[in-house]
Amino acid sequence: MLSIAIHGGAGTVPRSTLSAEREAHYRAGLAAALDLGYTTLDQGGSSLDAVTAAVRALEDNPLFNAGRGAALTRDGAAELDAAIMEGRQQRAGAVAAVRHVRNPVELARRVMEKSRHVLLVGIGAEEFALEEGLALVPNAYFRTEERRAQLESERGGRPVSDLVPSSQGTVGAVARDAAGNLAAATSTGGMTNKRQGRVGDSPIIGAGTYAKNGVCAVSATGHGEYFIRSVAAHHICAAVEFRGLTLRDAVRELLHEKIRGLGGSGGVIAIDRGGGIVTDFSTEGMFRGTRDSSGLRQIDIY
Ligand code: ASP
């Protein structure tokens, strides 16, 4: 079975404050990314190509906290993290704290495919992006008026969301292709008002992003510190592989017992070896979309 799931962050805008017009924009952005990813699979592309395409589309959409429209650090800059992993050989690539790479997921993929490393940060990552000929942009490209207002609000002691610190955010995708290969990718601007140099769970392999063929692929969103401390994505896959839990039960345990027990919240999209999709969250909502070759095609927020 071909299948793909995407997310545009957990926490979301409280239902009472999300206008119909704004909701329609979120849904359209999710649908476009979902369909792009699915079409990639349908045309014989790999799960790696599908998650790259879907995440890149969400990075380019200013509504989501990744790429353009990223949450801002406390000094007002966008600082981006991303990771990608494939399940066949478990190769992975990630970048953190980059400020000028238009599509961090592309750079994460280059790190995986073209370097001897897994994680590159800051200046070293951007130097590599230059060598690879990736699109570099001024930091102002990422900064939107809305994120500036959110930063002001956080600075004034009014959290932009009482659910997760980044309010609406982080994007990710998981997919299974015709060959049964799994892949996961995640990209984020992190938390509003974060310190310069703060790295969240998204680019940490095993925390926010993980894939292993025959087991599962996972992309997480939420309060990253808790996802790092609980090695969230790997915890889910290990529960499936070694304890025989269903993917649904493994995700539930992680979010509603482990992360909640630590005091954190967030959401997860995951796909099992056969292409079965699980989405779950412990926040008010999670922007998400799911599509597979049995005819499923759904966009949900709450
Ligand atoms: N997990 C991301 C981070 O902590 C934020 C989010 O998912 O909203 O960097």
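Rules and cut-offs
- Residues numbered from 1 in each chain as written.
- Predicted model: local features only at pLDDT ≥ 70, side-chain atom pairs only at ≥ 80, totals over all residues.
- Heavy atoms only, no water.
- Helix = DSSP H or I, 4+ residues; strand = E, 2+ residues; numbered from the N terminus.
- Rg over C-alpha atoms; globule rule 2.2 N^0.38 Å.
- Buried < 20%, exposed > 50% of the residue type's maximum accessible area, 1.4 Å probe, protein only.
- Areas by Shrake-Rupley, 256 points an atom, 1.4 Å probe, with all protein chains shown as cover.
- Lys, Arg positive; Asp, Glu negative; His and termini not counted.
- Charge placed at Lys NZ, Arg CZ, Asp CG, Glu CD.
- Pairing = 2+ DSSP bridges.
- Axes fitted to C-alpha atoms, helices over the stretch in contact; angles between N-to-C directions.
- Parallel < 35°, antiparallel > 145°, perpendicular 65-115°, else oblique.
- Left-handed = near helix turned anticlockwise from the far one by under 90°.
- Contact = heavy atoms within 4.5 Å.
- Nonpolar A, V, L, I, M, F, W, Y, C, P; charged D, E, K, R; others polar.
- pLDDT = per-residue confidence, 0-100.
- Disulfide = S-S within 2.5 Å.

Here we look at the overall build of the chain
Link 1 in the chain: Helix and strand counts for the chain come out as eight helices and 12 strands.
Link 2 in the chain: Taken against the 2.2 N^0.38 rule, which gives 19 Å for 302 residues, the C-alpha radius of gyration of the chain at 17 Å falls within 12% of a compact globule.
Link 3 in the chain: With the C-alpha coordinates aligned to their principal axes, the bounding extent of the chain is approximately 45 × 45 × 35 Å.
Link 4 in the chain: Here the chain, with 302 residues, has 61% of them falling under the buried criterion.
Link 5 in the chain: When the accessible surface of the chain is summed, it comes to about 11,300 Å², and 48% of that surface belongs to carbon and sulfur atoms.
Link 6 in the chain: Separation of charge centres in the chain, based on 34 positive and 34 negative side chains, amounts to 2 Å.

Describing the sheet that holds strand S3 (residues 92-98)
Backbone hydrogen bonds are what pair the strands of a sheet, in a parallel or an antiparallel way.
Link 1 in the chain: Taken in spatial order, the eight strands make up an open sheet running S4-S3-S2-S6-S5-S1-S11-S12, and their pairing is mixed. Single-partner strands in this sheet number two, and they are strand S4 (119-121) and strand S12 (297-300). With direction set aside, neighbouring strand axes in the sheet form an average angle of 5°.
Link 2 in the chain: The pairing of strand S2 (residues 80-86) with strand S6 (residues 182-188) spans six bridges and is classified as antiparallel. The residue bridging aspartate 81 from the neighbouring strand is threonine 188, located in S6.

A few points about the packing of helix H7 (residues 232-243) against helix H8 (residues 247-262)
Link 1 in the chain: Between H7 and H8, the shortest axis-to-axis distance is 9 Å and the interhelical angle comes to 135°. Taken together, H7 and H8 sit at an angle that is classed as oblique. Crossing geometry of H7 relative to H8 is assigned as right-handed. Contacts between H7 and H8 involve Ala232, His235, Ile236, Ala239, Val240 and Arg243 from the former and Leu247, Ala250, Val251, Glu253, Leu254 and Lys258 from the latter.
Link 2 in the chain: Looking at the contact of H7 with H8 residue by residue, the class counts come to eight nonpolar, one polar and three charged.

Some words on the packing of helix H3 (residues 104-114) against helix H4 (residues 122-131)
Geometrically, a packed helix pair is captured by the angle between its two axes and the distance between the axes.
Link 1 in the chain: Across the interface, H3 lies against H4 with an axial gap of 10 Å and an inter-helix angle of 80°. Judged by the angle between their axes, H3 and H4 are roughly perpendicular. Between H3, through Leu107, Arg110, Val111 and Lys114, and H4, the contact on the second element is made entirely by Ala125, Phe128 and Ala129.
Link 2 in the chain: Considering only residue class, the contact of H3 with H4 consists of five nonpolar, no polar and two charged.

Comments concerning the confidence of the model for the chain
Link 1 in the chain: When pLDDT is averaged across the chain, the result is 93; 96% of the residues are at 70 or more.
Link 2 in the chain: Scored below 50 in pLDDT, residues 162-166 makes 22 contacts in the model with residues more than four places away or belonging to other chains.

So, the state of the cysteines
Link 1 in the chain: Taken as a whole, this structure holds one disulfide when the rule is applied.
Link 2 in the chain: Each sulfur of the disulfide joining cysteine 216 and cysteine 237 lies 2.4 Å from the other. Taking the torsion about the sulfur-sulfur bond, which here is approximately -130°, the covalent link between cysteine 216 and cysteine 237 counts as left-handed. Within this pair, whereas cysteine 216 is found in strand S8 (residues 216-222), its partner cysteine 237 is found in helix H7, the two being separated by 21 residues in sequence. The exposure classification of cysteine 216 matches that of cysteine 237, with both residues buried.

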